[in-house]
Amino acid sequence: MRLLAALVIFGSVAVGGAAAPVAGAAARPAPDVFELQAAEVVVSGGGRLIEARGDVRATDGRTTVRAGAARYSAAERRVHLSGGVAVVGPEGSLRAATVILALDADRRIGAVDAVGGAELITGGRVLRADRIRYAVGSAEVTATGNVTALLPPDLSAAGRRLALRRGVATLTGQARLRHRDGVLEADTLEVSEADQVAQLRGNVRSRWQEVSITAQAATLYHRERRAVFRDRVTVTSPGRTLRTALLTVYYAQRRIVAEGETTIRLEEEGPP
């Protein structure tokens, strides 16, 4: 007997070498099985294409995904999910409008690509962007488009692109860092989450109280509430302009210390 090209299944289907589990079974899928459950599952092309609709749930045993609809292509080893997608796994919890899962040769979820209002929450860190991508288990994340990152305990960063590698977040494209004492901007921003130290390079700008600071490089020691500005440093405040090679700002003490060759220009006050 020839099988029909399309088969509608109510319950669940396993993608891989194992048989489909019985709907409602409590056993977790075997390591080489990607399990997909939904209110309605359509299998076509001899199992090469699977479409699921209604309360979709997918898991490989370590990462679980929920969505309104899903489409699996065996040729691509890709699962396209849409409709309020939520992903929970080793990297934390992720929400987005659409998500693409890339399966590896063992039918495990190897990579996650989220698009549309993506938000990833992990370890107290909140990352939002137009697109967030990561490899499962690698602790490496990239985000692009309207990126904002809330880094515990009280740092927030923004930019056009973010790359997270081994606890260091690198932002580029109008990178901006907000801390308890002010805002720092630069072409490139690197934040070490472990020691709360930020490195800024290229067109550094800072606004603190009535003081504006520009430089080519800076380091923020957030725990110490101290920032060091280097290379063509200019400080502008009401009535004076200061140029120096090295400048340290002690935020808690409300004090600025200039080092190296320093010039100060006092501006004449206007008429009363």
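Thresholds applied
Residues numbered from 1 in each chain as written. Predicted model: local features only at pLDDT ≥ 70, side-chain atom pairs only at ≥ 80, totals over all residues. Heavy atoms only, no water. Helix = DSSP H or I, 4+ residues; strand = E, 2+ residues; numbered from the N terminus. Buried < 20%, exposed > 50% of the residue type's maximum accessible area, 1.4 Å probe, protein only. Contact = heavy atoms within 4.5 Å. Areas by Shrake-Rupley, 256 points an atom, 1.4 Å probe, with all protein chains shown as cover. Phe/Tyr/Trp six-rings, centres within 6.5 Å; stacked < 30°, edge-to-face > 60°. Lys NZ or Arg CZ within 6 Å of the ring centre and 35° of its normal. Pairing = 2+ DSSP bridges. Salt bridge = Lys/Arg side-chain N within 4 Å of Asp/Glu carboxyl O. Core = buried A, V, L, I, M, F, W, Y, C linked by side-chain atoms within 4.5 Å.

Enquirer: Looking at this model, I keep getting lost on the overall build of the chain. Mind explaining?
Expert: For the chain, the count of helices and strands is zero helices and 18 strands. Sorting the 272 residues of the chain into buried and exposed places 41% on the buried side. Considering only contacts in the chain between residues 6 or more positions apart, those separated by 24 or more positions represent 31%. As presented, the chain carries roughly 14300 Å² of accessible surface, and 50% of it is formed by carbon and sulfur atoms.

Enquirer: Help me out: how do you make sense of the environment of Ala-114 in this one?
Expert: Within the secondary structure layout, Ala-114 lies in strand 7 (residues 109-122). Look at Ala-114 and you get buried, because its relative accessible area is 0%. The sequence separation of Ala-114 and Ala-129 amounts to 15 residues, and the corresponding C-alpha distance is 9.4 Å. If sequence neighbours within four positions are ignored, Ala-114 has contacts with Leu-94, Ala-96, Thr-98, Val-99, Asp-130, Arg-131 and Ile-132.

Enquirer: Please clarify how the packing of aromatic side chains should be interpreted in this entry.
Expert: The description of an aromatic ring pair rests on the distance of the ring centres and on the angle between the ring planes. Considering all chains together, one arrives at one aromatic pair under this definition. With a centroid separation of 5.4 Å and an interplanar angle of 85°, the aromatic rings of Trp-208 and Tyr-251 are classed as edge-to-face. Here the residue Trp-208 occupies a position in strand 13 (residues 197-208), and Tyr-251 occupies one in the loop between strand 16 (240-250) and strand 17 (255-259), the gap between them amounting to 43 residues. Exposure remark for Tyr-251: the relative accessible area of 3% places this residue in the buried category. The ring of Tyr-221 has Arg-226 lying over it, and the distance from NZ or CZ to the ring centre is 4.2 Å. Its guanidinium or amino end placed over the ring of Tyr-250, Arg-255 lies 4.5 Å from that ring's centre, counting from NZ or CZ.

Enquirer: What exactly am I supposed to notice about the pairing of strand 12 (residues 182-192) here?
Expert: Every other side chain in a regular strand lies on the same face of the sheet, so the side chains alternate between the two faces. Sheet topology note: the strand 11 (residues 168-179)/strand 12 ladder contains ten bridges and is antiparallel. Note on strand 12: the bridge partner recorded for Ala-169 is Val-191. Connecting strand 11 to the antiparallel partner strand 12 that follows it, the hairpin turn spans two residues. Count of turn residues in the strand 12/strand 13 antiparallel hairpin: four residues, of which Gln-196 carries a positive phi of about 55°.

Enquirer: Mind showing me how you'd approach unusual backbone geometry here?
Expert: Across residues other than glycine, the phi torsion is negative in most instances, and most of the peptide bonds are trans. With an omega dihedral of 5°, the bond running from Pro-152 to Pro-153 counts as a cis peptide bond. Mapped onto the secondary structure, Pro-153 falls in the loop between strand 9 (140-151) and strand 10 (155-165). Of note, Asp-55 is a non-glycine position whose phi angle comes to about 50°, a positive value. For Asp-55, the location among the structural elements is in strand 3 (residues 49-59). Unlike most non-glycine residues, Arg-107 shows phi in positive territory, near 65°. Within the element layout of this structure, Arg-107 appears in the loop between strand 6 (92-103) and strand 7.

Enquirer: Just to check I follow, could you spell out the pattern of salt bridges for this structure?
Expert: Between side chains of opposite charge, pairing is possible as soon as their charged atoms come close. In the structure shown here, the tally under the stated rule is 13 salt bridges. The salt bridge partner of Glu-40 is Arg-53, with a shortest N-O separation of 2.2 Å. Of the two residues, Glu-40 is situated in strand 2 (residues 33-44) and Arg-53 in strand 3; the sequence distance between them amounts to 13 residues.

Enquirer: Looking at this structure, how should I read the nonpolar core?
Expert: Here is a general trend for soluble globular proteins: nonpolar side chains tend to be buried in one another's company. In this structure, Leu-81, Ile-132 and Phe-229 are the most contacted members of the largest nonpolar core, which totals 67 residues. For Leu-81, the contacting residues outside a window of four places in its chain are Val-56, Val-65, Ala-67, Ala-69, Ala-70, Ala-97, Thr-98, Val-99 and Leu-101.

Enquirer: I keep staring at the environment of Val-33 and nothing clicks. Help me out?
Expert: With respect to the helices, strands and loops of the structure, Val-33 is situated in strand 2. In sequence terms Val-33 and Asp-106 are 73 residues apart; their C-alpha atoms lie 7.5 Å from each other.

Enquirer: Honestly, the pairing of strand 11 in this entry has me stumped. Any pointers?
Expert: Bridge count for strand 10 against strand 11 is eight bridges, and the pairing is antiparallel. Looking at the pairing, Leu-164 lines up with Ala-169 of strand 11. Between strand 10 and the antiparallel strand that follows it, strand 11, lie two residues; Arg-166 among them carries a positive phi value of about 50°.

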